[in-house]
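# An overview of the molecular structure
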Amino acid sequence: MFQKDLLQAKRILITGGGTGLGKAAAQRFLELGAEVYLCGRRQDVLAATEQELHERTGGSRDHKKIHTLPCDVRDAAAVEELIGAIWAEGPLDVLMNNAAGNFLSRTEDLSLGAFQSVIGIVLLGTLHTTMACGRRWLAESRGGVVLNITTTYTTTGSAYVVPSAVAKAGVHALTRSLAVEWGNRGIRMNAIAPGPIPTEGAFSRLLPRPELAEAAKKRIPLGRFGTTEEFANLAAFLVSDGSGYINGDVVTMDGGEWLQGAGEFTALGRELTEEEWQRMRPKKSAPKA
Ligand code: COA
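Residues numbered from 1 in each chain as written. Predicted model: local features only at pLDDT ≥ 70, side-chain atom pairs only at ≥ 80, totals over all residues. Heavy atoms only, no water.

### Overview of the packing of helix H3 (residues 76-89) against helix H4 (residues 112-139)
Angle between the axes and distance between the axes: these two values describe a pair of packed helices. Look at H3 against H4: their axes get within 9 Å of each other, and the N-to-C directions meet at 40°. It follows that H3 is oblique to H4 by the angle criterion. Considering how the two elements wind past one another, H3 and H4 form a crossing that is right-handed. Listed contacts from H4 to Ala76, Val79, Glu80, Ile83, Gly84 and Trp87 of H3 are His128, Thr129, Ala132, Cys133, Arg136 and Trp137. Class assignment for the residues of the contact of H3 with H4 results in 7 nonpolar, 3 polar and 2 charged. (Axes fitted to C-alpha atoms, helices over the stretch in contact; angles between N-to-C directions. Helix = DSSP H or I, 4+ residues; strand = E, 2+ residues; numbered from the N terminus. Parallel < 35°, antiparallel > 145°, perpendicular 65-115°, else oblique. Left-handed = near helix turned anticlockwise from the far one by under 90°. Contact = heavy atoms within 4.5 Å. Nonpolar A, V, L, I, M, F, W, Y, C, P; charged D, E, K, R; others polar.)

### A look at the pattern of salt bridges
Counting across every chain of the model gives 16 salt bridges. Among the salt bridges present, the one from aspartate 241 reaches lysine 10, with a minimum N-O distance of 2.9 Å. Of this pair, aspartate 241 sits in the loop between helix H8 (228-239) and strand E7 (250-253) while lysine 10 is found in the segment before strand E1 (11-15), placing the two residues 231 residues apart along the sequence. A relative accessible area of 56% places aspartate 241 in the exposed class. What makes lysine 10 buried here is its relative accessible area of 15%. Between arginine 136 and glutamate 80 there is a salt bridge, with the nearest N and O atoms lying 2.6 Å from each other. A residue pair is termed long-range when its members are at least 10 positions apart, and arginine 136 in helix H4 and glutamate 80 in helix H3 qualify at 56 residues. With relative accessibility at 18%, the residue arginine 136 sits in the buried group. With a relative accessible area of 37%, glutamate 80 lands in the partly exposed category. (Salt bridge = Lys/Arg side-chain N within 4 Å of Asp/Glu carboxyl O. Buried < 20%, exposed > 50% of the residue type's maximum accessible area, 1.4 Å probe, protein only.)

If you want it as structure tokens, here you go:
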């Protein structure tokens, strides 16, 4: 899909890069020539991912292009230390804010700690890394690219995932605000709003019974879930120079799921029989003499 050197020499940090969508993006970025820094909370997960990516991308240990650094993005001081350590080796070109936390719960059952945990990871985590990189890019008068991962429910909200909805709405606002405030100094800021894409972590948490997956697919016009490869390709485009004039946008990647839910007549139309459709067509008038 892309030229093999699309991301040659780009230095990219992916938060939550040890698993799921972050790991898939890391693989694609490596295949396209980038050097990746992956952070996550668990050192053992990061180490296993590093090994797996080396094997999959044929990376050579002599020219190390994968770096893994444990960090909890909720901790502003730890993030500052992480970004400082990366910058000591050279400035980043791209920051991909992918780290997230979410759980399905009735809101009245949630503790304050549950809200703090999800908002801390998703919103404050994104803020911490963005400020740490943004301030450096601005001070050095160099450009940078930020890619945030939001959701399709940032503007509608969603029942049963309220901490996530609140936090992702904040990331959406941050993306659009800073795209304007920092755009004139060479920093581009965009987001991807993915719909359902099967990954080990998020899917087992958000679809507790396997048969719910079939019901979920019926909500998607394309009739299937997205793939991590499709996600990674979109991410590669948005962090590449090829998308250099896209700034402040959110690209939805959900097979049309949220629009299907939003259209007033969609569900009704699906219920109608062929006979009913025919009955509603205009009566053919007699040909004019
Ligand atoms: N339902 C309701 N509350 C929950 C919960 C659940 N499934 N899981 C955790 N919480 C609450 C805890 O009770 C705790 O609140 P309390 O201190 O008031 O009791 C708070 O959230 C923090 O829980 P903790 O166990 O300390 O987790 P954490 O803060 O280290 O990590 C997550 C929280 C969300 C990151 C954790 O669930 C996780 O690791 N998830 C995997 C990543 C993920 O969710 N990926 C999906 C991305 S879409």
